[in-house]
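Summary of structural features
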Amino acid sequence: MMRGLFFLSLLLAVLGWASPDWLRWGAHPDEGFTRFVFELPLGTSYDTKVGGAVVRVSLGLETSEPATLRPGDAAVERVELTPAPEGTLVRFYLQPGASAKKPFVLEGPEGRFRLVIDVLHPEGGKAAAAPPPKSKPKAPVVVVDPGHGGPDPGAVGYVKEKAITLDIALRVKKILESKGIEVVLTRDGDYDLAPSYVKDFDERKRIDLDKRAKMTNGDRNLFVSVHVNSAERPARGIEVYYLGKTLDPRTLALAVAENGGGELGQRLTQKAESTAEAALADLIAQGNLQFSARLANEILEQLIARTGTINRGVHSAPFYVLRYARIPAVLVEVGFANHPTEGRLLARPDYRQRLAEGIAAGILKILGNGSYAASQR
Ligand SMILES: [Zn+2]
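A brief structural summary. (Residues numbered from 1 in each chain as written. Predicted model: local features only at pLDDT ≥ 70, side-chain atom pairs only at ≥ 80, totals over all residues. Heavy atoms only, no water.)

So, on to the packing of aromatic side chains. Counting across every chain of the model gives 7 aromatic pairs. Between Y46 and F113, the aromatic rings sit 5.7 Å apart at their centres with planes inclined by 40°, giving tilted as the arrangement. Here F113 lies in strand 10 (residues 112–120) and Y46 lies in strand 3 (residues 46–51), a separation of 67 residues in the sequence. For Y46, a relative accessible area of 39% puts it in the partly exposed group. Accessibility expressed as a relative area gives 9% for F113, which makes it buried. Between Y241 and F319, the ring centres sit 5.0 Å apart and the planes meet at 70°, which makes this aromatic pair edge-to-face. Highlighted residues: Y241 in strand 14 (residues 238–243) and F319 in the loop between strand 15 (311–317) and strand 16 (329–336), separated in sequence by 78 residues. Taking the relative accessible area as the measure of exposure, F319 reaches 1% and is therefore buried. Feature note: the residues W22, W25, F36, F38 and F92 constitute an aromatic cluster, connected by ring pairs. (Phe/Tyr/Trp six-rings, centres within 6.5 Å; stacked < 30°, edge-to-face > 60°. Helix = DSSP H or I, 4+ residues; strand = E, 2+ residues; numbered from the N terminus. Buried < 20%, exposed > 50% of the residue type's maximum accessible area, 1.4 Å probe, protein only.)

What follows is the structure in structure tokens.
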């Protein structure tokens, strides 16, 4: 037991692992298994599904943001936490040859119960444990934010914005992962990030945007929010934004719309404006905004090269989702949902693939650029 605890704390120290306080685990190499324990408040709903190399556990429990945990364990390669409509989805991805036993429940301390999942190591624990994570250089982590979702469809025209942004984000993830880059999505399905008990649309939107904006912090290197534009008078083309103020009424109207629209949009736009204003007096924030502008230019250039559409330029605007970023962060408007030609193009998978390739290429250019490393604090 002592040995197990020592092993676990060593791993935690190496990984700087931050798991939620309701999930713990311990490896038992001699007995050939690792035990994962959810300690949950009584009455928390749960559902488990063991299917081949993945164990899915859905919990009626709010988690603040998606996370990937790498326990460096012989049984489990990684654990992914994702917000889901019912609360939280936890997925265990098993190591090759490992197998999960049927989950069971134990009594817990006062007011809690324990949901236990034992995962057998490959070949009863005789196989070598996973290589120590320290030996691997850390891959850059890119956050991709598919705008809107759930009750908020975003712009609606020939396409629905929330579906287009998700599809493009998933494509960007696939491309970047093939290049060895880790990608965190703010959502990977049709939902928003507000807790299910919040019913008011504006309040949901506010919480949702705030959570996305806060996902720019931690161990991440770049943030890209993907959106679809809309205009009263027919317009087409691509524009990319970084955080700042604007004097252009159309840009301001766009920021208000993307910040939730109406009174909420006005309020969140003002908050983002004051952040942008404070950045003017802060050298580090200024440096980061300059980097964001470069990321915006790279992405725009790559997008125009792949689509041949109208280049509407790089601009700064008070988008709330960019507000907390201390890493290069941009918002891409990939086209207009209500333009008769562009709206129909956005409906085509091959066009969305080109957009995803353009966004990924811009990100790769910045990540591959030596000056990127120099900008890191
Ligand atoms: Zn949008």
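We now examine the coordination of the zinc ion. Taken together, H148 (NE2), E161 (OE), H227 (ND1), E258 (OE) and E258 (OE) make up the full set of protein donors to the zinc ion, lying 2.0 to 2.5 Å away. Sequence spacing of the donors to the zinc ion: H-x12-E-x65-H-x30-E. Linking H227 in strand 13 (residues 222–229) with E258 in helix 4 (residues 249–258), this pair joins segments that are 31 residues apart in sequence. Exposure class is identical for H227 and E258. Each is buried. (Donors = N, O, S within 2.8 Å, 3.2 Å for Na, K, Ca; no water.)

Time to look at the side chain of T34. Mapped onto the elements of the fold, T34 is located in strand 2 (residues 33–41). Under the relative-accessibility criterion, T34 is labelled buried at 0%. Separated by 2.7 Å, the side chains of T34 and H121 make a polar contact. If we skip the residues at most four places from it in the chain, T34 touches W25, G26, A27, H28, D73, A75, I117, D118, V119 and H121. (Polar contact = N/O pair within 3.5 Å; in protein donor to acceptor, adjacent residues only side chain to side chain. Contact = heavy atoms within 4.5 Å.)

To continue, consider unusual backbone geometry. The phi torsion at H148 lies on the positive side, around 65°, for a residue other than glycine. By the element assignment, H148 lies in the loop between strand 11 (141–146) and helix 2 (161–178). Assessed through its relative accessible area of 5%, H148 is described here as buried.

Another aspect to go through is the nonpolar core. Counting 40 residues, the largest nonpolar core has I168, V224, I299, V332, V334, I359 and I363 as its most contacted members. Not counting residues up to four positions away in its chain, the partners in contact with I168 are V226, V334, R352, L355, A356 and I359. Ranked by size, the runner-up nonpolar core spans 27 residues in total, among them V141, V184, Y191 and Y320. (Core = buried A, V, L, I, M, F, W, Y, C linked by side-chain atoms within 4.5 Å.)

As a further point, take the side chain of R91. Within the secondary structure, R91 is located in strand 7 (residues 87–94). When its relative accessible area of 14% is taken as the criterion, R91 is described as buried. In terms of polar contacts, R91 uses its side chain to reach the side chain of T82, at 3.2 Å. Every residue in contact with R91, bar those within four places of it in the chain, is listed here: V54, V55, R56, R78, V79, E80, T82 and D188.

Attention now goes to the pattern of salt bridges. Per the counting criterion, the structure on display carries 22 salt bridges. With a closest N to O distance of 2.8 Å, R78 and E77 form a salt bridge. Overall, the relative accessible area of 29% leaves E77 in the partly exposed class. The salt bridge partner of R204 is D192, with a shortest N-O separation of 2.7 Å. Of this pair, R204 sits in helix 3 (residues 201–214) while D192 sits in the loop between strand 12 (182–185) and helix 3, placing them 12 residues apart in sequence. Grouping residues by exposure puts R204 and D192 together as buried. It is possible to trace a salt-bridge network through shared partners that takes in R70, E77, R78, E80 and E182. (Salt bridge = Lys/Arg side-chain N within 4 Å of Asp/Glu carboxyl O.)

Moving on, we come to the packing of helix 2 against helix 8 (residues 349–368). Remark: helix 2 packs on helix 8, axes separated minimally by 8 Å, with the N-to-C direction vectors making an angle of 50°. Of the possible angle classes, the one that applies to helix 2 and helix 8 is oblique. Viewed along their axes, helix 2 and helix 8 form a crossing whose handedness is right-handed. Contacts from I164, D167, I168, R171, V172, I175 and L176 in helix 2 reach P349, R352, Q353, L355, A356, E357, I359, A360, I363 and L364 in helix 8. (Axes fitted to C-alpha atoms, helices over the stretch in contact; angles between N-to-C directions. Parallel < 35°, antiparallel > 145°, perpendicular 65-115°, else oblique. Left-handed = near helix turned anticlockwise from the far one by under 90°.)

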